[in-house]
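# Structure at a glance
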Amino acid sequence: MKVTIEGMEFGYSNEAVVLNDIDLDIAGAQLVSIVGPNGVGKSTLIHCINKILSPTKGTVMIDGRDVSEISIKEMSKISGYVPYTANNSFPLSVVDTVLMGRHPHSNWKTTDHDLDVVYDTLRMLDIEHLALRSFNELSAGQHQRVMLARGLVQEPKILLLDEPTANLDIRHQMNVTRILRNLAHEKGILVIIISHDLNIAATYSDNVIMMHEGRVFKVGSPMEVFTEENLRTVYNVDSEITVKNGRPRIVLLDDLYVDDDDPCPEGSYVSSGR
């Protein structure tokens, strides 16, 4: 699948433009991370791709078709969307919540194949043991993985995810992002995620889109995008970039600890109480 964006702008009524002069070509089976500070339009960009929002100017095309001409039903078979899930609430079991993602294929008539897809996905994300639990009883991190499962069972050709590793511990952040990269390569899916963890994005992404002030600032491989100069311009932070296995590793610098071999104040400690 190929997503082409030409001259796109978006602004809410009576507000300043959120996105301005966006031109992008995103194609092929790959994991693409969108990075940038809060408020630069990352979520708005993926909402324009999947028809949640309509651009105020320009076009968004999927395989040469303007998304404005694609019906919602057809779009649901092409594109899956996993939102940031902190406020989601479903009075359903985990299985029933994930089954909602099969609607474009089953039309609410659950088949054995639908259940097989659901349980295979739950196992892949290591949450099969939660299958019969109520979604509303789960932790924020468990919510996140259930919502990811719901997006995956949709079996889309393009999968868009808004901070899929939010609320996850370090191990699950790595596991989920690794799964997304493997799915992209093995199943031929274009996976586009929004990420605030620059090292996770640098480790697993095939390509990165860095945004700044409502525009695309830089597009390329992690090595091309994550440079000390780019991070200084976009995030207003100083950093050191090292390379391991052909991937950048980012260490953020803070003047508080410059030339300070002992950042822990004298006399301070942490005790286990034993």
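For the structure, check the block above.
Fair warning: this is a prediction, and the values are worked out from it, not measured in the lab. (Residues numbered from 1 in each chain as written. Predicted model: local features only at pLDDT ≥ 70, side-chain atom pairs only at ≥ 80, totals over all residues. Heavy atoms only, no water.)

### Regarding helix 6 (residues 140-153)
- Between the first and last C-alpha of helix 6 there are 20 Å, a value that for 14 residues agrees with the 20 Å anticipated at 1.5 Å per step.
- Within helix 6, 13 of the 14 residues are buried, which leaves it mostly tucked inside the rest of the structure. (Helix = DSSP H or I, 4+ residues; strand = E, 2+ residues; numbered from the N terminus. Expected span 1.5 Å × (residues − 1). Buried < 20%, exposed > 50% of the residue type's maximum accessible area, 1.4 Å probe, protein only.)

### Regarding the pairing of strand 1 (residues 2-11)
- For strand 1, the buried fraction is high: 7 of the 10 residues fall into the buried class.
- What sits between the antiparallel neighbours strand 1 and strand 2 (residues 17-27) is a turn of 5 residues, in which N14 has the positive phi angle 65°.
- Direction of pairing for strand 1 relative to strand 4 (residues 57-62): antiparallel, over a ladder of 5 bridges. Opposite E6, over in strand 4, you have T59 as the bridge partner. (Pairing = 2+ DSSP bridges.)

### Notes on the packing of aromatic side chains
- All told, the structure shown has 1 aromatic pair when counted by the stated rule.
- Centre to centre, the rings of F10 and Y12 are 4.7 Å apart; their planes meet at 85°, and the pair counts as edge-to-face.
- Residue F10 is classed as buried on the basis of its relative accessible area of 6%. (Phe/Tyr/Trp six-rings, centres within 6.5 Å; stacked < 30°, edge-to-face > 60°.)

### Structural notes on unusual backbone geometry
- A positive phi angle, close to 60°, is found at D126, a residue other than glycine.
- With respect to the element layout, D126 can be found in the loop between helix 5 (112-124) and helix 6.
- On the basis of relative accessible area, D126 is assigned to the partly exposed category, the value being 47%.

### Notes on the sheet that holds strand 9 (residues 207-212)
- If you trace the 6 strands from one edge of the open sheet to the other, you get 6-7-8-3-9-10, paired in mixed fashion. Looking at strand neighbours, the two that pair on one side only are strand 6 (79-82) and strand 10 (215-220), the edges of this open sheet. Averaged over all pairs of adjacent strands, the angle between strand axes in this sheet comes to 15°, irrespective of strand direction.
- As defined by bridge partners, strand 3 (residues 30-35) adjoins strand 8 (residues 190-194) across 5 bridges and the pair is classed as parallel. Looking at strand 8, one finds that S33 is bridged to I193.
- The strands touched by helix 1 (residues 42-49) are strand 3, strand 6, strand 7 (158-162), strand 8 and strand 9; relative to strand 7, the strand with the most contacts, the crossing angle is about 150°.
- Sitting on the sheet, helix 10 (residues 228-235) is in contact with strand 3, strand 9 and strand 10, with an inclination near 35° to strand 9. (Axes fitted to C-alpha atoms, helices over the stretch in contact; angles between N-to-C directions. Contact = heavy atoms within 4.5 Å.)

### Examining the pattern of salt bridges
- By the definition in use, this model includes 9 salt bridges.
- When the shortest N-O distance is used, the salt bridge between E155 and R102 registers 3.1 Å. Here R102 lies in the loop between helix 3 (94-99) and helix 4 (103-106) and E155 lies in the loop between helix 6 and strand 7, a separation of 53 residues in the sequence.
- By relative accessible area, R102 is classed as buried at 3%.
- For the salt bridge of E137 with R133, the shortest nitrogen-to-oxygen distance reads 3.7 Å.
- Via salt bridges that share partners, R102, D114 and E155 belong to a single interconnected network. (Salt bridge = Lys/Arg side-chain N within 4 Å of Asp/Glu carboxyl O.)

### Some words on the environment of R178
- By the element assignment, R178 lies in helix 7 (residues 170-187).
- Along the chain, R178 and R102 lie 76 residues apart, while their C-alpha atoms are 23 Å from each other.

### A few points about the packing of helix 6 against helix 7
- The geometry of helix 6 relative to helix 7 is characterised by a closest axis approach of 12 Å and an angle of 5° between their N-to-C directions. In terms of axis orientation, helix 6 runs roughly parallel to helix 7. Of helix 7, the residues touching helix 6 (which contributes R145, L148 and L152) are H172, V176, L180 and L183.
- In terms of residue class, the contact of helix 6 with helix 7 is built from 5 nonpolar, 1 polar and 1 charged. (Parallel < 35°, antiparallel > 145°, perpendicular 65-115°, else oblique. Nonpolar A, V, L, I, M, F, W, Y, C, P; charged D, E, K, R; others polar.)

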